[in-house]
Amino acid sequence: MEIQTKIHIDYRIQDILGFLLSEDFVKVADTKHIQPSRMKEVQVDGENICVVNVEGKYFAINNICTHEGGPLADGTLEGYEVECPWHGSKFDVRTGEVKNPPAIEPEPAYEVKIDGNNILIKKQGKSKPSQLELTLQQKDKVEGTDVMSFKFSKQTDQVEDNKPLDHTAGQFAFFDIGGVYNDPKGQIRHFTISSSPTENFLMFGTRIRDSPYKKRLSALEEGAKVKLRGPEGQFVLHEDYSKPAVFLSGGIGVTPFRSMLKYATDKKLPVKIIMFDSNRNSNNILSYSKKSLMSGRTLIKI
Ligand code: FES
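Chemist: Before we go on, may I ask you to explain the sheet that holds strand 7 (residues 90-92) in this structure?
Modeler: As a general point, the strands of a sheet are linked pairwise by backbone hydrogen bonds and lie either parallel or antiparallel. Pairing within the open sheet is antiparallel, and its 4 strands lie in the order 5-6-7-8. With one partner strand each, in any of the chains shown, strand 5 (76-78) and strand 8 (98-100) form the two edges of the open sheet. The mean inter-strand angle of the sheet, taken between neighbouring strand axes irrespective of direction, is 30°.

In structure tokens form, the structure reads like this:
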């Protein structure tokens, strides 16, 4: 009777340990598939992760560069530093720490375990950074241009704490729209949020080019879900309103100013703003800029 009980208990402990291991860590690659001084992009729970082999030791950090979304696994590795292929930011693969600008935000680092030939990464669970799921409400093509605007619900549908996105006018965010394959710039892009925090939707505008990402974006149906990471960026309105702001923009570059001007207008901020917006002709002035920016302001054509 005693022996039977012991066997039963041992089995339960093993079972529990196996359960915990499989819950916390997930296999992402075989060791022989990432040779020394090599990197590989893997996905865990929708997160893009860069797994690195430095002299037989494995490390993992987020694969999306915190500067503007470059794919780190396509960059170069020197010692413990990975260099982003887009603008040369460097990160320490052991900690995610920034070693070289222009990036200023560190990368999330992940715990790695080796089990036989398996590389395992610890899942981050529900407490991972601000990744929100949004629903596309409306998309519009701007007449006579290759610009499209995309408007999303601002309330998160399912994610952490169910908090709405809280951004500062002028910031940007990364958008993972899913279903993007073989895009040389990766599966995720960042866009400036052109809506103001005072509006009950989130919007961005972009030129539609011939890339897999942009093609997929333009084909999204209303109701489609996209993932957003952010917001990020420090290109925002200054806080000393005794000093005026002067904005210079051209074409689609108007988006952060649209957000800041709308915010300043809605909040009746006591700040003087002078804006120069350059376009090929008046038809090319984005209509959402004209409508939202110029309410209560004077548009001077030169
Ligand atoms: S996107 Fe990586 S350095 Fe700019």
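So, next bit.
Chemist: Looking at this structure, how should I read the nonpolar core?
Modeler: Side chains of nonpolar character tend, in soluble globular proteins, to be buried together. Of all hydrophobic cores here, the largest spans 43 residues; its most connected members are Cys50, Val51 and Ala60. Each of domain 1 (10-127) and domain 2 (131-232) contributes no fewer than three residues to this core. In contact with cysteine 50, not counting residues within four places along its chain, are Met39, Glu41, Ala60, Ile61, Asn63, Leu72, Ala73 and Val82. Among the nonpolar cores identified, the runner-up in size contains 10 residues, and Ala169, Leu261, Tyr263 and Ala264 belong to it.

Chemist: Would you mind going over the pairing of strand 14 (residues 172-176) with me for this structure?
Modeler: The side chains of a regular strand alternate between both faces of the sheet. Taking burial as the measure, the 5 residues of strand 14 include 5 buried ones, the bulk of the element. With burial as the criterion, each face of strand 14 is covered, one bearing Phe172, Phe174 and Asp176 and the other bearing Ala173 and Phe175. Pairing between strand 14 and strand 15 (residues 188-192): 5 bridges, direction antiparallel. From the neighbouring strand, phenylalanine 174 faces strand 15, where its bridge partner is histidine 190.

Chemist: Hey, could you run me through the sheet that holds strand 2 (residues 38-44) in this one?
Modeler: The strand order across the open sheet formed by 4 strands is 2-3-4-9, and the pairing between neighbours is antiparallel. Among the strands making up the open sheet, the edge pair consists of strand 2 and strand 9 (109-110). Relative to strand 4 (residues 57-62), strand 3 (residues 47-54) runs antiparallel, the two sharing 6 bridges. Looking at the pairing, valine 52 lines up with phenylalanine 59 of strand 4.

Chemist: In this structure, what is going on with unusual backbone geometry? I would like to understand it.
Modeler: A negative phi holds for most residues other than glycine; trans holds for most peptide bonds. A cis amide bond, omega 15°, links proline 101 with the succeeding residue proline 102. Along the chain, proline 102 turns up in the loop between strand 8 and strand 9. The omega torsion of the bond from glycine 230 to proline 231 falls at 5°, within 30 degrees of zero and hence cis. Along the polypeptide, proline 231 turns up in strand 17 (residues 225-232).

What counts and how
- Residues numbered from 1 in each chain as written.
- Predicted model: local features only at pLDDT ≥ 70, side-chain atom pairs only at ≥ 80, totals over all residues.
- Pairing = 2+ DSSP bridges.
- Helix = DSSP H or I, 4+ residues; strand = E, 2+ residues; numbered from the N terminus.
- Axes fitted to C-alpha atoms, helices over the stretch in contact; angles between N-to-C directions.
- Core = buried A, V, L, I, M, F, W, Y, C linked by C-beta atoms within 7 Å.
- Buried ≥ 20, exposed ≤ 12 C-beta atoms within 10 Å, placed from the backbone.
- Domains from an automatic or database assignment.
- Contact = placed C-beta atoms within 7 Å.

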